[in-house]
Amino acid sequence: MIVTTSRRTLNLSGTQGFISAASGLVRAGDWLYVVADDALHLAVFPATGDAPGHTVRLFPGELPDGHAERKAAKPDLEALCRLGPSATFAHGALLALPSGSTPVRRRASVLPLNADGTLAGPPRTVDCTGLYVQLERELVALNVEGAAVTGRFLRLLNRGNGDGGVDALVDLDLDRVLGGVDSGALGPAAVRSVRRWELGEANGVRLSFTDASALPDGRVVFTATAEDSRDRVADGPVKGSAVGVLAPDGTPVYLDAVDAGVKLEGVDARVEGGRIHLLLVADADDPSVPAPLLEAVLPVPG
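Residues numbered from 1 in each chain as written. Predicted model: local features only at pLDDT ≥ 70, side-chain atom pairs only at ≥ 80, totals over all residues. Heavy atoms only, no water.

Trainee: I would appreciate a short explanation of helix H3 (residues 174–183) in the present structure.
Mentor: An α-helix turns once per 3.6 residues; consequently, residues spaced three or four apart project the same way. The complete set of buried residues in H3 reads Leu 174, Val 177, Leu 178, Gly 180 and Val 181. Seen end-on, H3 carries its buried residues on one side only, within an arc spanning 160°. Looking at where H3 begins, the residue whose side-chain oxygen comes 3.1 Å from the main-chain nitrogen of Asp 175 is Asp 173. Positive backbone phi, approximately 90°, marks Gly 184, located one or two places after H3. (Buried < 20%, exposed > 50% of the residue type's maximum accessible area, 1.4 Å probe, protein only. Helix = DSSP H or I, 4+ residues; strand = E, 2+ residues; numbered from the N terminus. Arc of directions from axis to C-beta. Polar contact = N/O pair within 3.5 Å; in protein donor to acceptor, adjacent residues only side chain to side chain.)

Trainee: Would you take a moment to explain the state of the cysteines for this structure?
Mentor: What makes a disulfide is a covalent bond joining the sulfur atoms belonging to two cysteines. Under the defined criterion, the tally for this structure stands at zero disulfides. Here Cys 81 is not cross-linked by a disulfide; its sulfur's nearest cysteine counterpart is in Cys 128, at 11 Å. The class for Cys 128 is buried, based on a relative accessible area of 0%. (Disulfide = S-S within 2.5 Å.)

Trainee: How do you make sense of the sheet that holds strand E21 (residues 292–301) when you look at a structure like this?
Mentor: Hydrogen bonds along the backbone pair up the strands of a sheet, which may run parallel or antiparallel. Ordered by their spatial adjacency, four strands build an open sheet running E1-E21-E20-E19, and the pairing between neighbours is antiparallel. A single partner strand is all that each edge strand has here, and the edge strands are strand E1 (5–9) and strand E19 (264–272). Strand after strand, the sheet turns through a mean of 25° between neighbouring axes, direction not considered. Strand direction decides the pairing type here: strand E20 (residues 275–282) and E21, joined by seven bridges, are antiparallel. (Pairing = 2+ DSSP bridges. Axes fitted to C-alpha atoms, helices over the stretch in contact; angles between N-to-C directions.)

Trainee: Even after reading the chapter, I still don't get the side chain of Glu 265, so can you show me in this structure?
Mentor: Mapped onto the elements, Glu 265 comes out in strand E19. According to the relative accessible area criterion, Glu 265 is buried, its value standing at 1%. The contacts of Glu 265, once residues within four sequence positions are left out, are Ala 22, Ser 23, Gly 24, Glu 78, Glu 145, Arg 159, Thr 210, Asp 211, Thr 223, Val 281, Ala 282 and Asp 283. (Contact = heavy atoms within 4.5 Å.)

Trainee: Please clarify how the nonpolar core should be interpreted in this entry.
Mentor: Nonpolar side chains in soluble globular proteins tend to be buried together. Residues Leu 95, Leu 97, Leu 135, Leu 154, Leu 156 and Leu 172 are the most contacted members of the largest nonpolar core, which totals 31 residues. If we skip the residues at most four places from it in the chain, Leu 172 touches Leu 131, Arg 152, Phe 153, Leu 154, Leu 156, Val 177, Ala 190, Val 191 and Arg 192. Counting residues in hydrophobic clusters, the runner-up holds 18 residues, among them Leu 264, Ala 269, Ala 296 and Leu 298. (Core = buried A, V, L, I, M, F, W, Y, C linked by side-chain atoms within 4.5 Å.)

Trainee: Quick question: what am I supposed to make of the packing of aromatic side chains here?
Mentor: The description of an aromatic ring pair rests on the distance of the ring centres and on the angle between the ring planes. In total, this model carries one aromatic pair according to the counting rule given. With a centroid separation of 5.1 Å and an interplanar angle of 85°, the aromatic rings of Phe 209 and Phe 222 are classed as edge-to-face. Of this pair, Phe 209 sits in strand E15 (residues 205–214) while Phe 222 sits in strand E16 (residues 220–227); the two residues are 13 residues apart in sequence, bridging distant segments of the chain. Considered together, Phe 209 and Phe 222 belong to a single accessibility category, that of buried residues. Above the face of the Phe 59 ring, Arg 107 is positioned so that its terminal group lies 4.2 Å from the ring centre. (Phe/Tyr/Trp six-rings, centres within 6.5 Å; stacked < 30°, edge-to-face > 60°. Lys NZ or Arg CZ within 6 Å of the ring centre and 35° of its normal.)

Trainee: Explanation requested: the environment of Lys 74 in the structure shown.
Mentor: By the element assignment, Lys 74 lies in the loop between helix H1 (67–73) and strand E6 (77–83). Residues Lys 74 and Val 104 lie 30 residues apart in sequence; the distance between their C-alpha atoms is 7.9 Å. Apart from residues no more than four positions distant in its own chain, Lys 74 is found in contact with Asp 37, Asp 38, Leu 63, Val 104 and Arg 105. Polar side-chain contacts of Lys 74 include one of 3.4 Å to the side chain of Asp 37.

Trainee: I keep staring at the pairing of strand E12 (residues 168–173) and nothing clicks. Help me out?
Mentor: Among the six residues in E12, six count as buried, and that is most of the element. Covered by surrounding structure in E12 are Ala 168, Val 170 and Leu 172 together with Leu 169, Asp 171 and Asp 173, the residues of both alternating faces. For strand E11 (residues 153–158) and E12, the ladder comprises six bridges, and the chain directions are antiparallel. Among the inter-strand pairings, Leu 154 is bridged to a residue of E12, identified as Leu 172. Both E12 and strand E13 (residues 191–196) contribute to a ladder of five bridges, which runs antiparallel. Pairing of Ala 168 across the sheet is with Arg 196, part of E13.

Following this line, the structure appears as structure tokens:
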């Protein structure tokens, strides 16, 4: 079992309170960037210490306060990844992707970065409708939860929770993704392959992908959670979470449970001293509970 350590809670400055539904995590320089699936903002935290974070607006408007109304209207940003330097982004960018699990959940946001990992400019909206309609034809129950750049691909992880759900790896051509980000829309031509995987169970409930983070050698670290719900949109009791590793070709080569009884939703992985060090965030599915930031070390070579 993977041992986790609590580092902090994701508290925000002033009257903003805290992040509750943390769903994606990227470390860039001295900063941690977190997306929450029930918000219109990106949250920014110092990578060390426990100073409160602040938010950056991604989309205009306001979300309803009521749980059901908010759930129906939210953009459902579930994945956050870092794009490398390109002709458009000299020092790379952050790409926040939606789940696509309903037609209103198909807006992404891209934010350019400076060399030191700070944000270099305002966000731009990217329409994922064309891409997601194609993926929905392939998978039926679309629920994108993780994204990581590996080689010349942007690898998406589809979460297979709920009846009819399929856990899958979707490889997108990175050049076409970057072109789509530039034009403001991701289309079906970016899709290179769709492969289905089964991750096993935790306490009798199927484990499903929840996030991804690339390693320098092309492997991808992923998180998975066993959520006992027959509906891929509705929440359910969490029966366990795990962390795994995909080989560069996408084959799962490692998977183990974590000791924390939380719904892991975000991971940032890096190699330090020959070991894989993780930062993890979780979603309590309760707006009154602050999301934790956890850390762990995988017992596999970096």
